[in-house]
Amino acid sequence: MRTAFSPRGRRVAACTALVLSAGMLLASPAVAEPAPRPSAELPRRAAAPLPDLDLSALRSGAAARTAQAGEVLPSRFDVDGDGLTDILYRDWNSELGVVPSSDAQGGTWYRSGASEVPMDLVPLGDQDGNGQPEVLVLTKYGKAELQADATLSGGSLSWTGGGWGVYNKVFSPGDVDGDGRFDLLARKHNGELYFYRGTGNPYAPLSGPVKAGVGWGAFDQLVGIGDSDGDGRGDAVARTPDGNLYFYGGTGVKTSPFKPKKLIGGGWNTFNQLLSADDIDGDGHADLFARSVDGTLWAYRGRGNGTFTARTRASSAGGYLSVDQFAGSGTIASAGKNALMARTPGGTLYWYGTTNNGKLTARDQVGDAGGWAGAPMGFASSLGADAFGDLYFTIGGTLYANGWTGGGWSSYNHISGPGDLNGDGKGDLLARDRSGVLYLMRGNGEGTGFASRIRVGSGWGAYNRLVGAGDVSGDGRADVLARDGSGTLWLYRGTGVSTRPFAARQRIGGGWNAYRQIVVPGDLDGDGRADLLATTSGGTLYRYHATGAGGVFAPRAEVGGGWQVYSDLF
């Protein structure tokens with residue numbers, strides 16, 4: 001069962017009515033008020049309550065280990081009072097929730113005084129010593145907010161700060177400087193690392209940034225794990241796209257917070273998210289959670305030297321598929337589309353949701369049969385203040401997008417919505433004119449208009465397909481993929497700069513003219529990177545997993561057949 005989302009439903013209803021009346025508008029432009037038309041709502045993926053954590057195997061013998069260790073590591077998010085870290089998460093409907101480590105009742109977690117879509121969640125432990133933890137929330141538009149005094153049901157907004165969109169990953173290794181409070185590290189898109197000291201004051205929680213390193217862009221996941229080697233300093237693990245996991249022991253020095261890396265082992269790219277667990281078993285050593293692509297949560301016990309024991313199942317199989325982002329996760333947070341639209345030759349439109357395991361939901365019809373015929377259309381990464389994709393189309397030179405209409409679009413033969421291209425967190429559009437010149441149309445973040453166009457460059461008429469929906473390359477910026485007439489696929493990596501939104505193109509490979517359709521629906525497998533789908537003329541759909549290794553895709557995997565019934569994929 002899927003739930004209708006009323007605000008989005010109203011916007012799509014307006015779009016549907018306009019499409020259904022497209023012929024009337026073109027044939028009879030003097031008609032100001034077309035007759036009422038059927039409405040439609042975009043579906044949403046159902047997100048059932050998550051299963052309880054199963055930590056019994058890890059806690060076996062915990063009393064003896066605690067006695068031997070002498071002290072249990074502090075928890076960064078204990079909201080049920082058992083001393084262990086609970087799981088905070090954002091689901092695929094952008095709602096926050098809690099899974100307690102005890103038998104306490106979990107559920108929805110509310111942010112007080114906050115309105116922007118949450119993206120990443122960084123628990124900071126009990127900063128002010130009152131027994132309740134704080135959580136730093138990074139929002140869609142680059143704002144940081146501190147939710148203080150967290151409970152099982154939510155937090156209290158105590159501080160906000162802007163400008164955090166310059167970072168693609170923010171994480172806490174624990175206490176870096178030895179003052180007993182959790183500190184923060186933030187990585188820029190160029191790989192520079194910055195240190196923020198936790199002050200203990202929830203109304204001014206962080207000191208100013210101090211540069212703490214370079215070269216951290218080599219990792220696709222960064223996880224602060226707390227003290228793993230017993231020296232009282234916060235530690236971290238970092239994973240490369242090829243699956244190698246490294247341990248970084250803390251030094252206590254803010255300008256150089258980590259010792260040289262040590263290889264833990266390979267094969268960790270079987271997981272789409274790694275996340276901090278603090279001390280699950282009470283032995284004084286930091287542990288680790290990991291989610292596999294099938295949605296199962298696993299736990300790794302720390303040995304006290306930066307390595308981990310063999311994994312132990314911590315949830316039912318597939319139980320955590322609906323989580324888009326765990327708090328304390330090492331991935332770059334993403335949102336904005338994560339769905340696919342498919343249109344038949346007769347104009348019937350269908351919606352497919354992604355499920356974080358590389359698969360798609362069953363299809364849902366959007367609007368009436370044949371209701372989407374006759375107009376050039378597309379499906380963009382979120383143009384408004386939510387985290388859901390938006391339909392758009394043109395009729396007679398007027399663009400209809402997210403409830404907004406604007407004229408002057410008749411000169412363009414291609415429009416796409418790959419996401420935020422200028423680094424402000426707001427969804428943008430790309431428009432190509434008939435001479436092959438490409439323009440950036442910067443969105444206002446409310447879905448109600450665009451700034452004056454900015455010329456990107458010429459020669460884009462060489463491409464017969466331009467697609468994108470988020471970050472393909474693994475650096476946190478929205479990218480675009482382009483297929484030329486010879487079948488070569490090119491990657492244009494996003495820069496976040498309005499006047500130069502793309503770096504020089506990078507060749508992915510040839511032979512892509514074997515596909516009738518290619519489309520980027522967003523993140524299919526839960527790792528935060530945008531993946532690619534392609535269909536053959538025979539109707540077979542293939543998935544290309546974005547590995548994060550500079551725009552490289554893994555070998556294709558077959559999704560299923562029967563896709564020849566669609567003339568368009570968005």
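Basis of the calculations
- Residues numbered from 1 in each chain as written.
- Predicted model: local features only at pLDDT ≥ 70, side-chain atom pairs only at ≥ 80, totals over all residues.
- Heavy atoms only, no water.
- Helix = DSSP H or I, 4+ residues; strand = E, 2+ residues; numbered from the N terminus.
- Rg over C-alpha atoms; globule rule 2.2 N^0.38 Å.
- Buried < 20%, exposed > 50% of the residue type's maximum accessible area, 1.4 Å probe, protein only.
- Areas by Shrake-Rupley, 256 points an atom, 1.4 Å probe, with all protein chains shown as cover.
- Lys, Arg positive; Asp, Glu negative; His and termini not counted.
- Charge placed at Lys NZ, Arg CZ, Asp CG, Glu CD.
- Pairing = 2+ DSSP bridges.
- Axes fitted to C-alpha atoms, helices over the stretch in contact; angles between N-to-C directions.
- Contact = heavy atoms within 4.5 Å.
- Salt bridge = Lys/Arg side-chain N within 4 Å of Asp/Glu carboxyl O.
- pLDDT = per-residue confidence, 0-100.
- Phe/Tyr/Trp six-rings, centres within 6.5 Å; stacked < 30°, edge-to-face > 60°.
- Polar contact = N/O pair within 3.5 Å; in protein donor to acceptor, adjacent residues only side chain to side chain.

Details of the overall build of the protein
And then number 1: For the protein, the helix and strand inventory stands at 4 helices and 41 strands.
And then number 2: A compact globule built from 570 residues should have a C-alpha radius of gyration of about 25 Å, and the protein, at 24 Å, falls within 12% of that.
And then number 3: Overall, the C-alpha framework of the protein stretches about 80 × 45 × 45 Å when taken along its three principal axes.
And then number 4: When the 570 residues of the protein are sorted by exposure, 60% land in the buried category.
And then number 5: Surface summary for the protein: the accessible area is close to 20500 Å², and the carbon and sulfur share equals 49%.
And then number 6: The averaged location of the 56 negative side-chain charges in the protein is 10 Å from the averaged location of its 52 positive side-chain charges.

Comments concerning the sheet that holds strand 39 (residues 541–544)
And then number 1: Pairing within the open sheet is antiparallel, and its 4 strands lie in the order 37-38-39-40. Taken across any chain shown, the strands that pair with only one partner, and hence form the sheet edges, are strand 37 (517–522) and strand 40 (557–560). Strand after strand, the sheet turns through a mean of 30° between neighbouring axes, direction not considered.
And then number 2: Relative to strand 38 (residues 531–535), strand 37 is paired through 4 bridges, and the arrangement is antiparallel. Paired with Gln517 across the strands is Thr535, a residue of strand 38.

What to know about the sheet that holds strand 31 (residues 438–441)
And then number 1: Taken in spatial order, the 4 strands make up an open sheet running 29-30-31-32, and their pairing is antiparallel. Because the sheet does not close on itself, it has two edges, and the strands there are strand 29 (412–419) and strand 32 (454–457). Averaged over all adjacent pairs, the angle separating strand axes in this sheet is 30°, with direction ignored.

As for the environment of Leu297
And then number 1: Residue position: Leu297 is located in strand 19 (residues 297–300).
And then number 2: Each C-alpha atom of the pair Leu297 and Gly526 lies 13 Å from the other, and the pair is 229 residues apart in sequence.
And then number 3: Once residues lying within four places of it in the same chain are set aside, the contact partners of Leu297 are Leu53, Ile87, Leu275, Phe289, Ala290, Arg291, Arg313, Ala314, Ser315, Tyr320 and Phe326.

Here we look at the pairing of strand 2 (residues 96–99)
And then number 1: By the alternation rule, side chains of strand 2 split into Leu96 and Val98 and Gly97 and Val99, which are all buried.
And then number 2: Across 4 bridges, strand 1 (residues 87–91) lies against strand 2 in antiparallel orientation. Paired with Arg90 across the bridge in strand 2 is Leu96.
And then number 3: Hairpin geometry of strand 1 and strand 2 is characterised by an intervening segment of 4 residues between the two adjacent antiparallel strands and by a positive phi of about 70° at Ser94.
And then number 4: Direction of pairing for strand 2 relative to strand 3 (residues 107–108): antiparallel, over a ladder of 2 bridges. When the sheet's bridge partners are listed, Val98 is paired in strand 3 with Gly107.

What about the pairing of strand 25 (residues 377–380)?
A regular strand places its side chains on the two faces of the sheet in alternate fashion.
And then number 1: Of the two faces of strand 25, the one holding Met377 and Phe379 and the one holding Gly378 and Ala380 are both buried throughout.
And then number 2: Of the pairings in the sheet, the one linking strand 25 to strand 26 (residues 390–395) comprises 4 bridges and is antiparallel in character. By the bridge assignment, Phe379 is partnered in strand 26 with Leu391.

Digging into the pattern of salt bridges
And then number 1: A complete count under the given rule lists 13 salt bridges for this structure.
And then number 2: Between Arg493 and Asp475 there is a salt bridge, and its shortest N-O distance comes to 3.8 Å. Taken together, the residues span a long stretch of sequence, with Arg493 in the loop between strand 35 (489–492) and strand 36 (506–509) and Asp475 in the loop between strand 33 (463–467) and strand 34 (480–484) at a distance of 18 residues.
And then number 3: Take Arg493: its relative accessible area is 27%, and that puts it in the partly exposed class.
And then number 4: One salt bridge connects Arg529 with Asp527, and the closest N-O pair in it is separated by 2.9 Å.
And then number 5: Under the relative-accessibility criterion, Arg529 is labelled buried at 7%.
And then number 6: Given a relative accessible area of 6%, Asp527 falls into the buried group.
And then number 7: One network of salt bridges, in which partners are shared, links Asp220, Arg239, Asp527 and Arg529.

So, the confidence of the model for the protein
The predicted structure's coordinates, where accompanied by low pLDDT, should not be read in detail.
And then number 1: Here the protein shows a mean pLDDT of 90. Residues at 70 or above account for 91%.
And then number 2: Contacts for the low-pLDDT stretch residues 1–39, under 50 throughout, to residues beyond four places or in other chains number 64 contacts.

Brief notes about the packing of aromatic side chains
And then number 1: Throughout the structure, instances matching the rule amount to 34 aromatic pairs.
And then number 2: Taking 5.6 Å as the distance between ring centres and 55° as the angle between the ring planes, the aromatic pair formed by Trp164 and Tyr167 counts as tilted. Each member of the pair, Trp164 as well as Tyr167, carries the same accessibility label: buried.
And then number 3: Ring geometry for Phe219 versus Tyr248: centroids 6.0 Å apart, planes at 85°, classification edge-to-face.

Some words on the side chain of Asp428
And then number 1: For Asp428, the location among the structural elements is in strand 30 (residues 428–433).
And then number 2: Within the buried set, Asp428 has no salt-bridge partner at all; the shortest N-O distance to an opposite charge, 6.7 Å, is to Arg442.
And then number 3: Within polar-contact distance, the side chain of Asp428 engages the backbone nitrogen of Gly443 at 2.8 Å.
And then number 4: In this view, Asp428 contacts Leu383, Ser416, Gly417, Pro418, Gly419, Asp420, Leu421, Asn422, Leu440, Met441, Arg442 and Gly443; residues no more than four positions away in its chain are not counted.

Quick notes on the environment of Gly302
And then number 1: Residue position: Gly302 is located in the loop between strand 19 and strand 20 (312–313).
And then number 2: Sequence spacing of Gly302 and Ala286 is 16 residues, and the spatial spacing of their C-alpha atoms is 5.4 Å.
And then number 3: Contact partners of Gly302, with chain neighbours within four places excluded, come to Asp283, His285, Ala286, Asp287, Thr307 and Phe308.

Side note on unusual backbone geometry
And then number 1: We note that Asn338 has phi near 50°; this positive angle belongs to a residue other than glycine.
And then number 2: Residue position: Asn338 is located in the loop between strand 21 (323–326) and strand 22 (339–343).
And then number 3: Judged by its relative accessible area of 7%, Asn338 falls in the buried class.

Some words on the side chain of Thr240
And then number 1: In this structure, Thr240 sits in the loop between strand 14 (235–239) and strand 15 (245–248).
And then number 2: Relative accessible area serves as the criterion here: at 13%, Thr240 is assigned to the buried category.
And then number 3: Beyond its immediate sequence surroundings of up to four residues, Thr240 is in contact with Ala218, Phe219, Asp220 and Tyr246.

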